[in-house]
Amino acid sequence: MKVQGWMLLAALAGGAQAEPKLVISAGAQLRLAAAPTLVHSGPLLVYQYGDWSFSHEALQGDSFYQGVDLTGMEVPFVRSLFEPRLRQEFAPWLAALSEEQAQVLDITEANINHSKVGDMEVWSSYNPQARRGEAFIFIDQAVHRLSMKGGKAQFDELLSAISRR
């Protein structure tokens, strides 16, 4: 699923509401305070607040990892970042890629969080030293990525903003 223009328009239109929403798919949204700055760069939509920011991206198998087409493997690959035992089912090169990506994203057993929002699954990790968090939302056979830079309180706020439409 390519990023749809209506997602960006819905996000921008939400700015006039008391509680704006970023529509990330037909069934999912984020409800957060309006960001002073919105930046659209390639497939990313970046919300910039005073001392923190986050980006949203609907993951595409052909562009998640440069030079490797993971089309059809997006869901199992991203799950394997958080559940290393799943790598046993992969070819050795793909298992190594998963392990490397988990390290790059600072995903460790100690900082993993798993939750459900209705029928959506959210896997996340937060590194307090780097002040960086990653969250992946699994919905309708698609994966959405939220990358955040800022404090743990803001990361928790971002996670709690995820809801069904």
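These remarks concern the structure in this document.

## Some details on the nonpolar core
Within soluble globular proteins, side chains that are nonpolar generally end up buried alongside one another.
Argument step 1. The biggest cluster of nonpolar side chains holds 24 residues, and the ones touching the most others in it are Phe-54, Ile-137, Leu-146 and Ile-162.
Argument step 2. Only β1 (21-25), β2 (28-31), β4 (44-48), β7 (120-127), β8 (132-139), β9 (142-149) and α4 (152-160) provide two or more residues apiece to this core.
Argument step 3. In contact with Phe-54, other than residues within four places in its own chain, are Leu-22, Leu-30, Leu-32, Leu-45, Val-46, Tyr-47, Tyr-49, Leu-146, Ser-147, Met-148 and Leu-158.

## A word on the side chain of His-144
Argument step 1. Mapped onto the elements of the fold, His-144 is located in strand β9.
Argument step 2. Of note is the side chain of His-144, whose polar atom sits 3.5 Å from the backbone oxygen of Ile-24.

## What about the environment of Phe-155?
Argument step 1. Relative to the elements of secondary structure, Phe-155 occurs in helix α4.
Argument step 2. A relative accessible area of 2% places Phe-155 in the buried class.
Argument step 3. Along the chain, Phe-155 and Ser-53 lie 102 residues apart, while their C-alpha atoms are 9.6 Å from each other.

## Some thoughts on the packing of aromatic side chains
Argument step 1. Using the criterion set out here, one finds 8 aromatic pairs in the structure.
Argument step 2. When the ring of Phe-64 is compared with that of Phe-77, the centres are 5.8 Å apart and the planes differ by 75 degrees; the resulting orientation is edge-to-face. Of this pair, Phe-64 sits in the loop between β5 (53-58) and α2 (74-82) while Phe-77 sits in helix α2; the two residues are 13 residues apart in sequence, bridging distant segments of the chain. The residues Phe-64 and Phe-77 share a single accessibility class, namely buried.
Argument step 3. Here the aromatic cluster, defined as three or more aromatic residues joined through ring pairs, consists of Tyr-47, Tyr-49, Trp-52 and Phe-54.
Argument step 4. Just above the ring of Phe-138 sits the side chain of Arg-79; from NZ or CZ to the centre is 4.5 Å.

## Comments concerning the sheet that holds β2
Argument step 1. In space, the 3 strands of this open sheet follow the order β1-β2-β10, with antiparallel pairing throughout. Every interior strand has two partners, whereas the edge strands, β1 and β10 (162-164), have only one. Across the sheet, the axes of successive neighbouring strands diverge by a mean angle of 35 degrees, strand direction being ignored.

Calculation notes
Within every chain, residues take consecutive numbers counted from 1 along the sequence as written. For this predicted model, a pLDDT threshold of at least 70 governs which residues receive local features, and a threshold of 80 or more governs which side-chain atom pairs are given and counted, while totals over whole chains, interfaces and linings are taken from all residues. Side-chain descriptors were evaluated using all non-hydrogen atoms of the structure, hydrogens and water having been removed beforehand. Nonpolar core, defined: a set of buried Ala, Val, Leu, Ile, Met, Phe, Trp, Tyr and Cys residues in which side-chain atoms within 4.5 Å join the residues together. Throughout this description, buried means an accessible area under 20% of the type-specific maximum (1.4 Å probe, protein chains only), exposed means over 50%, and partly exposed covers the range between. Each helix corresponds to a stretch of at least 4 residues labelled H or I by DSSP, and each strand to a stretch of at least 2 residues labelled E; elements are numbered beginning at the N terminus. Contacts were defined at the residue level, with two residues in contact if any of their heavy atoms lie within 4.5 Å. Nitrogen and oxygen atoms within 3.5 Å of one another constitute a polar contact, given that in protein one can donate a hydrogen and the other can accept it, and given that sequence-neighbouring residues count only through two side-chain atoms. Pairing of aromatic side chains requires ring centres within 6.5 Å, counting the rings of Phe and Tyr and the six-membered ring of Trp. Pairs whose planes differ by under 30 degrees are stacked, by over 60 edge-to-face, and all others tilted. The criterion is that NZ of a Lys, or CZ of an Arg, lies within 6 Å of the ring centre and within 35 degrees of the ring normal, and then a charge sits over that ring. Any two strands between which DSSP finds at least two bridges are classified as paired. Simply put, an axis is a line fit to the C-alpha atoms, just over the touching stretch for a helix, and the angle between two N-to-C directions goes from 0 to 180 degrees.

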